[in-house]
Amino acid sequence: MADAERVVDIEERIRERYRNVELAAREGTILIGHDGRIIDVSKAEARIGVERDELIGGHPLPSGWRMFDDVGQEVPPDEHPGIRTIGGTEPVTQILTYESPSGERQRLRFVAYPLLDDPRIAVDLVVTDEQRRNETRQLLETQESRFRTMTEMLPVAVWESTASGEITYVNPKFTELSGLTAQTAPDLPMLEIVHPDDLVDVMNATNRALEENHFHSQYRLCHVDGSSRWVTSRMSILVDEDGKMTGFAGAIEDIDDLRRSERESTRLADIVEAAGDAIGIFENGTFTYFNGSAQRLLDRTDPGFVTDRSTHVFGPQFAERFASEIEEPLVSTGSWTGELRLIGVDGAPVDLSLVLNAEVDGSAVTRCVVIARDIKEQKRREDQLTHEALHDPLTGLFNRQGLDEAISELDPSTAIDLCFVDLDHFKQINDCSGHSVGDAVLVEVAARLGRVAGPRSTVARVGGDEIVVVTASSDRDDIAAQLVASVGSSAVAAVGDTHRVTVTAGVAAGRAGDFAALYAAADGALYRAKASGRNGWARAT
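## Notes on the overall build of the protein chain
For step 1, the next point in the chain: The helix and strand inventory of the protein chain stands at 17 helices and 23 strands.
For step 2, the next point in the chain: Of the roughly 28,600 Å² of accessible surface on the protein chain, 50% is carried by carbon and sulfur atoms.

## Describing helix α16 (residues 479–488)
For step 1, the next point in the chain: Every buried residue of α16 is accounted for by Ile479, Ala480, Leu483, Val484, Ser486 and Val487. On an axial view of α16, the arc spanned by its buried residues comes to 160°, and they lie on one face.
For step 2, the next point in the chain: Considering only its buried residues, α16 is in contact with β17 (415–423), α15 (435–453), β19 (466–472), β22 (503–511) and β23 (537–539).

## Considerations on the sheet that holds strand β6 (residues 121–129)
For step 1, the next point in the chain: Spatially, the 6 strands line up as an open sheet ordered β2-β1-β6-β5-β4-β3, and their pairing is antiparallel. Each end of this open sheet is capped by a strand with a single partner; those strands are β2 (38–42) and β3 (66–68). With strand direction ignored, the average angle separating the axes of adjacent strands in the sheet is 30°.
For step 2, the next point in the chain: Judged from the 3 bridges that link them, strand β1 (residues 28–33) and β2 form a sheet pairing that is antiparallel. Following the sheet pairing, Ile32 is matched in β2 by Ile38.

## Examining unusual backbone geometry
For step 1, the next point in the chain: Even without being a glycine, His425 presents a positive backbone phi close to 55°.
For step 2, the next point in the chain: Position of His425 relative to the elements: it lies in the loop between β17 and α14 (426–433).
For step 3, the next point in the chain: The exposure class assigned to His425 is partly exposed, which follows from its relative accessible area of 44%.
For step 4, the next point in the chain: In this model, Asn535 sits at a positive phi of 50°, which is unusual for a non-glycine residue.
For step 5, the next point in the chain: Inspection of the secondary structure puts Asn535 in the loop between α17 (515–531) and β23.
For step 6, the next point in the chain: Under the relative-accessibility criterion, Asn535 is labelled partly exposed at 41%.

## Concerning the packing of α15 against α16
For step 1, the next point in the chain: Interhelical geometry of α15 versus α16 gives an angle of 145° and a closest axis separation of 9 Å. Relative to α16, α15 is oriented so that their crossing is right-handed. Residues Val445, Arg448, Leu449, Val452 and Ala453 of α15 lie in contact with α16, whose contacting residues are Ile479, Gln482, Leu483, Ser486 and Val487.
For step 2, the next point in the chain: A breakdown of the residues in the contact of α15 with α16 according to their chemical character gives 7 nonpolar, 2 polar and 1 charged.

## Focus on the packing of aromatic side chains
For step 1, the next point in the chain: Taken as a whole, this structure holds 5 aromatic pairs when the rule is applied.
For step 2, the next point in the chain: When the ring of Trp65 is compared with that of Tyr98, the centres are 6.1 Å apart and the planes differ by 65°; the resulting orientation is edge-to-face. In this pair, Trp65 is assigned in the loop between α3 (52–55) and β3 and Tyr98 in strand β4 (residues 92–99), connecting sequence segments 33 residues apart. In this structure, Trp65 and Tyr98 share a single accessibility class: buried.
For step 3, the next point in the chain: Taken together, the ring pairs in this structure connect Trp65, Tyr98 and Phe110 into an aromatic cluster.
For step 4, the next point in the chain: Positioned above the aromatic ring of Trp230 is the side chain of Arg259, whose terminal nitrogen or guanidinium carbon lies 3.7 Å from the ring centre.

## Observations concerning a nonpolar patch on the surface
For step 1, the next point in the chain: A cluster of nonpolar residues, Leu210, Val239 and Met245, forms a patch on the protein surface that exposes about 220 Å² of accessible area.
For step 2, the next point in the chain: Along the polypeptide, Met245 turns up in strand β11 (residues 245–254).

## With respect to the confidence of the model for the protein chain
For step 1, the next point in the chain: On average, residues of the protein chain score 83 in pLDDT, and 88% of them reach the 70 mark or higher.
For step 2, the next point in the chain: Mean pLDDT in the protein chain bottoms out at helix α10 (residues 305–308), which sits at 48, and peaks at strand β18 (residues 458–461), which reaches 96.
For step 3, the next point in the chain: Note that residues 17–25 has pLDDT below 50 and, in this model, 14 contacts with residues that lie over four places away or in other chains.

## Concerning the pairing of β19
For step 1, the next point in the chain: Within β19, 5 of the 7 residues are buried, which leaves the element mostly enclosed by the surrounding structure.
For step 2, the next point in the chain: Examined bridge by bridge, β17 and β19 share 7 bridges and lie antiparallel to one another. Across the sheet, residue Val421 finds its bridge partner in β19, namely Ile467.
For step 3, the next point in the chain: As defined by bridge partners, β18 adjoins β19 across 4 bridges and the pair is classed as antiparallel. The residue bridging Thr458 from the neighbouring strand is Val470, located in β19.
For step 4, the next point in the chain: With antiparallel pairing between neighbouring strands as the criterion, β18 and β19 make up a hairpin whose turn holds 4 residues.

## Quick look at the environment of Arg133
For step 1, the next point in the chain: Its place among the elements puts Arg133 in helix α5 (residues 130–153).
For step 2, the next point in the chain: Distance in space between the C-alpha atoms of Arg133 and Arg109 is 9.3 Å, their sequence separation being 24 residues.
For step 3, the next point in the chain: In this structure, Arg133 is in contact with Glu27, Arg109 and Thr128, ignoring residues within four places of it in sequence.

## Re helix α7 (residues 199–212)
For step 1, the next point in the chain: A rise of 1.5 Å per residue sets the reference length of α7, with its 14 residues, at 20 Å; its end C-alpha atoms lie 20 Å apart and thus fit the reference within 8%.
For step 2, the next point in the chain: Those residues of α7 that fall on the buried side of the exposure criterion are Val202, Ala205, Thr206 and Ala209. The arc enclosing the buried residues of α7, seen along the axis, measures out at 105°, which places them on a common side. Of the exposed residues in α7, those oriented more than 90 degrees away from the buried face are Val200 and Glu211.
For step 3, the next point in the chain: Those residues of α7 that are buried lie in contact with β9 (215–222) and β10 (228–239).
For step 4, the next point in the chain: Just downstream of α7, Asn213 is the residue with a positive phi angle, here 60°.

## With respect to the pairing of β10
For step 1, the next point in the chain: In terms of residue burial, β10 counts as a mostly covered element, since 9 of its 12 residues are buried.
For step 2, the next point in the chain: Linkage of β9 to β10, two consecutive antiparallel strands, is achieved through a turn of 5 residues, within which Gly226 is found at a positive phi near 100°.
For step 3, the next point in the chain: Bridge analysis of β10 against β11 gives 9 bridges, and the strand direction is antiparallel. Bridging across to β11, Val239 finds its partner in Met245.
For step 4, the next point in the chain: Joining the antiparallel neighbours β10 and β11 is a turn of 5 residues, in which Gly243 adopts a positive phi near 85°.

Analysis parameters
Residues numbered from 1 in each chain as written. Predicted model: local features only at pLDDT ≥ 70, side-chain atom pairs only at ≥ 80, totals over all residues. Heavy atoms only, no water. Helix = DSSP H or I, 4+ residues; strand = E, 2+ residues; numbered from the N terminus. Areas by Shrake-Rupley, 256 points an atom, 1.4 Å probe, with all protein chains shown as cover. Buried < 20%, exposed > 50% of the residue type's maximum accessible area, 1.4 Å probe, protein only. Arc of directions from axis to C-beta. Contact = heavy atoms within 4.5 Å. Pairing = 2+ DSSP bridges. Axes fitted to C-alpha atoms, helices over the stretch in contact; angles between N-to-C directions. Left-handed = near helix turned anticlockwise from the far one by under 90°. Nonpolar A, V, L, I, M, F, W, Y, C, P; charged D, E, K, R; others polar. Phe/Tyr/Trp six-rings, centres within 6.5 Å; stacked < 30°, edge-to-face > 60°. Lys NZ or Arg CZ within 6 Å of the ring centre and 35° of its normal. Patch = residues over 30% accessible without salt bridge, like charges linked within 9 Å, V, L, I, M, F, W, Y side chains within 5 Å. Salt bridge = Lys/Arg side-chain N within 4 Å of Asp/Glu carboxyl O. pLDDT = per-residue confidence, 0-100. Expected span 1.5 Å × (residues − 1).

Pasting the structure below:
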C-alpha cells in the first residue's frame, strides 16, 4: 500500500475508534413524573450502576444511596436536579457524585429538561457518566495528538478540509509541496491548488468519490511560487454519526521524481527498441525480453513471440553455451565480450558478436543484458579474405601460403607423398596462343590433377606452371604416374581449340614434419625427369 493510501487508512481507523469511544460514553435517560418518581429509564441504569427495576417507581437517587456536590458537600435528595426542575421552565445542569451503600462512587452529569405540556412526564433527565466522559475526552485528545505527531513526521502531505473544500489542517509536507501553512491554507479552497490543466480530471474524480467514498487521482499540485509538481492523491469523505458529510481528509504523495524517472525510462525504452543492435534480457536460464532488432534477427516479429520466446531454437543453444563458456568469467568480472555461432531454424549458422553485462549474486548470475550484433556479413568478408589469402585466384587451388598452412595442420609423423608437377613447354602456349588460352589450359590441368588426387589430398599452385600435390603415402604407390597420365591422355580444350598438353612430375616420400626437405627432393626429381625427355616422372632417391 502506498504511503498516501496508508495515511488515509490510518486516519479512518482512528476516526472509527473515536466514534466507538463516543458511543460508549453516550448519555442515559430518566423520565420523571410530576410526583418525583421515575416512570422509565433508558441506559441510565448502566451509567448509575443499578438494575433497571431498582430505579422504576423510585427517586432519581436510589434508596440507600448518597450524593455529593463538586466541593464534597452532601446534597439532600430533594435538591436533586431532577426534582428541582419539576414545575420549572428552564433546564438544570449539575454534576453530582453518587455513593452506593457499599461506598463505591460514581461521578455523573445530570441535565434536567422540564416538559411543561406533558400530563404524565414532568422531567426528561439526561444522565452522563462524567468520569467516563472525561476519560473519553482525554483519550480522544491523546489519540488526536498522536495522529498529529505522526502526520508531522510523515514524508506524505496530509490535509483536512470542510465539506466546501476549505482547508482546516495541513502537515509540514503539505506546506513544503504547496507553500501553504496552517494559517494561510484555510483561505484557499482545496481544488484551487490543482493545476488548471488537471482540474477537470480532479473534479471528475471528486464527484466519483462522493458516490464511491474513495478518491484517487494524479495531478500537478501548484506551489505559491508558481511551480508545480506531480502528485498522487488519495482522499476519504468524513461523515458524522448520522452519516452526514462533514468534510474531507486526504494524503498527497510527491511523485514528480517518479514521473520524471518514468519519462526517462520510456525514453530509454524507445532508444532500446530503436537500437540497431539486438538487445535481450537473460534470466534464470531463459530470455525474458527481446527488442525489435533482436526479434528481426531471430526472424520472429509475430505477437505470439512475446509468450514463447524461450522455445526459440536459439534459446537452448545460448543457455548451453552460457553455462559452459560464459557464466564463469561473467561471474568474475560482471561482463563478457566475445563471438558466438548459433544454428538457425534453417540450419544455417548465425554468427554473433556479443557484449554481456550481468547482475551477480554471490557465485550466480541473476540477470544479464545481452547486446548482440549480427556479424554474418563481416564473417563472410573475413572468410573471403582468408580464402583469397590462401588460394590461387585463377585455378582455385591452394597457393604457397595455403599449402604451408595445410601441411602445418598434419601430424608431423604422417607419411606423405609430395609430387611436384610442371607443365611441359607452357611458355610456348602463352607465346603462340596468348595468355587467355594459357590460363584456360592451367585451369583444366589443375582440375584434372585435383580429380586424380582426390578430396583428401592437398593440391596447390606454387608457381606459374608449377603445381604441388600432397597425398597420404598409404593411398596409392603410383600417384605420380596417374597424375602424368591424367593430363597427357587426352587433349585439353581451351578457348574454342584443343591443345596437346603434357606434364612432368617428381615425387618424394617421407614425413609431414620433413616437408621442406621433401619439397626440395621432389623438385630435384622433377628436373631429372625433365632431363629424361618430359611427359614422365621420377622418384627422389
